[in-house]
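Observations on the three-dimensional arrangement
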Amino acid sequence: MKILVVEDEAALLEVIRRSLELEHYVVETAETSLSALRKVNAYNYDCILLDLMLPDGSGLQLLEHLKKLNRQESVIIVSAKDSIEDKVAGLELGADDYLPKPFHMAELHARIRSVIRRRQQAGSVQIEVGNLRMMPDKHQVEVGGVPLELGRKEYDILYYFINRRGYLIKKEVLAEAVWGDDIDQADNYDFIYAQLKNLRRKLAAAKATVEIKTVYGFGYKLCEKE
Amino acid sequence: MSLTYRIIFRISFSLLILLSLWAWLFYMAMMDEVTDEVDDALELYAETLMTRSLAGKELPLADNGTNNSYFLREVDEEYARTHPRLSFSDETVYIEVKRETEPARVMKTIFLREDGTYGELTVMTPTIEKDDLYRAIACWVVGLFAVLMLVIIGVSAWVISRSMRPLYRLLGWLDRYNITEQPEPLDNPTRVTEFRKLNETIWNYSLRNRKLFEQQKRFIGNASHELQTPLAICQSRLEMLCNTELSEEQMGEIIKTLQTLEHLSELNRSLLFLSKIDNRQFPEVVAIDVYALLEQTVGEYRRLANKEQVDVHLHEAGRPVWMMNESLAKALVHNLLRNAIIHNTKGGRVDIAVDAEGFVMRNDGVATSLDADCIFDRFYKAGGKPDSTGLGLSIVDAIARLYNLDVSYQFEAGKHTFRVRE
């Protein structure tokens, strides 16, 4: 998987690159609109992370250029400008997603996975981690080829973790993502414990090689068992 | 009260006093003159009678058909000495011919005859005509007074409204002036130095104001925006650090730092939102059914309310419809309700009453009133909740101001009461 990161902030570019390389992506970078244009003209990428505010012009122009060339790259806009107009303009020009700064790295990975998956052929719309296989289009989960029955919330939690595997997910973030906005003020997460307990029990019973670890009471992390 | 009315009112009030005084003095002077004339006539008459009497000529009949009449009688020396030689008085006398009493001006004069005896001559003239005169003069004075007042008021109203025309044009221009837009040219020609100066000053001031506003707008927007990238970098670096092998203690520190960063980022987002509201960057408006919005919001907050053990009650006594931007209307209601739930007590209540003019939200909480003067200020925190941004009510206030809604806070009967009225 080859990803082009267009970002003029050197420090952020470095962090994103390191983080992506840890996930075994091939990462190319560009700090200006012009160098991004050259790279896009010369090579093909699977995904482009695009900052809208570049020193030599707006990222939207680059997007327009890609559209004109009828290129197949997935584009995720990463912008500090959290305005509806930019979001709409970007998505209308064919961007696949819009991620406002500041964002969680886990979120960035999840979005990249999701857009790449969308571009891939239908047969491979499934996620495999260890002996666990998820088929999001069919809402099904298999462990070692055997279907695993999960509740709706359990499935949502597992799907959320699978897309952010290896990253620490804060329980507030998980609660907000799976249960909605209105509980981000909550400081009692009993309902999460209950669902997670069931999910873990089912995973362990099916002898899955992935597990959801608790990280010191701050959050959770999905890892493959060693 | 408009300036024109105020000036006219003051002029009229001062003139009313001054002109009344003038009218009274004028009337008194006139009356004095009339009495004087009557007295002069009496004197002349008396003189004629005396001359005739002294010359031994026959006197005219006491009742000679005119209204004037006289008496002549002899008095002694003693009487002459103790009485003034000449005296005037207003008396009521019985006129025999008419057989009735009438008010009359009476003149008494005592004179020495050739034979050493004293005579007292009393001449009188009825004052019927004088009263008529008084009345006529009074009528004229009052009439003239009224006409004069009306004319003065009319003239000053006309003069003031004409002279103030540039001022009203300027005020009209100021009314249309909107700091978020390029001002229309100030077309207000006048030859009055003061107005010219006022025009010039206001025009320059409006330009400068607009420039400052633009700068400030850009600054707040840019500052919040520029902060996003460093925040993103810090957050990402720490998250990557989290995925390496760390001790529990190290992990704890990093996660706490991440939480602080998140708070900072939330603060930044709220500031950006606030500056966008103040910059009127939410132009689209739709009709908002306030009751329906509250009902929906209460539903969305049920989980939080349950967790905080707070009962939320919604009461409908009217269904106001406000023209607002949808996301701003939501933000207004959300922030108020969230506040009412979070700053409540365990087992407390939130009562929302909607009527035709707006809604009232009452909640339990700390037993003392909050500072109503600064509760809507930015970064005002009363509850001591560490993760509140102190911007929620400022956002409410900014939204209310944008739509000319009246939002107020009172501490009534142990309840914190927020009113939002049209």
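A brief report on the enclosed structure follows.

Some remarks on the overall build of chain A
Counting its secondary structure elements, chain A contains eight helices and 14 strands. Counting the 226 residues in chain A, one finds 35% classified as buried. The long-range fraction of contacts in chain A, counting pairs at least 24 apart against all pairs at least 6 apart in sequence, stands at 54%.

Points about the overall build of chain B
A count of helical and extended segments in chain B gives ten helices and eleven strands. Intrachain contacts of chain B at a sequence separation of at least 6 include 67% that bridge at least 24 residues.

Observations regarding the sheet that holds strand β3 (residues 47–51) of chain A
Hydrogen bonding along the main chain pairs the strands of a sheet, whether they run parallel or antiparallel. Residue and element names in this part refer to chain A. Read across the sheet, five strands follow the order β2-β1-β3-β6-β7 without closing on themselves; strand pairing throughout is parallel. On the outer flanks of this sheet lie β2 (26–30) and β7 (97–100), each paired with one strand and no other. Across the sheet, the mean angle separating the axes of adjacent strands is 20° when strand polarity is ignored. Here β3 pairs with strand β6 (residues 74–79) via five bridges, running parallel. Across the sheet, residue cysteine 47 finds its bridge partner in β6, namely serine 74. Packed on one face of the sheet, helix α2 (residues 33–42) meets β1 (2–6) and β2 and runs near 140° to β2. Those strands touched by helix α5 (residues 105–119) are β3, β6 and β7, and its axis lies near 155° from that of β6.

Observations concerning the sheet that holds strand β12 (residues 169–170) of chain A
Residue and element names in this part refer to chain A. The sheet built from three strands is open, its strands ordered β12-β14-β13 with antiparallel pairing. Only two strands of the sheet have a single neighbouring strand rather than two, namely β12 and β13 (210–215). Bridging between β12 and strand β14 (residues 219–224) involves two bridges; their strand directions are antiparallel. Residue pairing for β14: isoleucine 169 is matched across the bridge by tyrosine 220.

Focus: the interface of chain A and chain B
On the side of chain B, 25 residues touch chain A, which itself brings 24 residues to the contact. The leading source of residues in the side of chain A that touches chain B is helix α1 (residues 10–22) of chain A, at five residues. Within the side of chain A that touches chain B, the residues separate by chemical class into 14 nonpolar, five polar and five charged.

Let's talk about the packing of helix α7 (residues 290–300) of chain B against helix α9 (residues 326–342) of chain B
Residues and elements named next belong to chain B. Remark: α7 packs on α9, axes separated minimally by 10 Å, with the N-to-C direction vectors making an angle of 50°. Of the possible angle classes, the one that applies to α7 and α9 is oblique. The handedness of the crossing between α7 and α9 comes out as right-handed. Where α7 abuts α9, its residues Leu293, Leu294, Thr297 and Val298 lie against Ala329, Lys330, Val333, His334 and Leu337. Considering only residue class, the contact of α7 with α9 consists of six nonpolar, two polar and one charged.

Observations concerning helix α5 (residues 193–242) of chain B
With 50 residues, α5(B) extends 73 Å from end C-alpha to end C-alpha; this agrees with the ideal 74 Å at 1.5 Å per step. Every buried residue of α5(B) is listed here: Asn199(B), Ser224(B), Gln228(B), Ala232(B), Ile233(B), Cys234(B), Gln235(B), Ser236(B), Glu239(B) and Cys242(B). Looking at the buried positions of α5(B), the neighbouring elements they touch are α1 and α5 of chain A together with α4 (165–176) and α6 (248–278) of chain B.

The rules we used
Residues numbered from 1 in each chain as written. Chains lettered and ligands numbered in written order. Predicted model: local features only at pLDDT ≥ 70, side-chain atom pairs only at ≥ 80, totals over all residues. Helix = DSSP H or I, 4+ residues; strand = E, 2+ residues; numbered from the N terminus. Buried ≥ 20, exposed ≤ 12 C-beta atoms within 10 Å, placed from the backbone. Contact = placed C-beta atoms within 7 Å. Pairing = 2+ DSSP bridges. Axes fitted to C-alpha atoms, helices over the stretch in contact; angles between N-to-C directions. Nonpolar A, V, L, I, M, F, W, Y, C, P; charged D, E, K, R; others polar. Parallel < 35°, antiparallel > 145°, perpendicular 65-115°, else oblique. Left-handed = near helix turned anticlockwise from the far one by under 90°. Expected span 1.5 Å × (residues − 1).

By themselves, these figures tell us nothing about what the structure is for.
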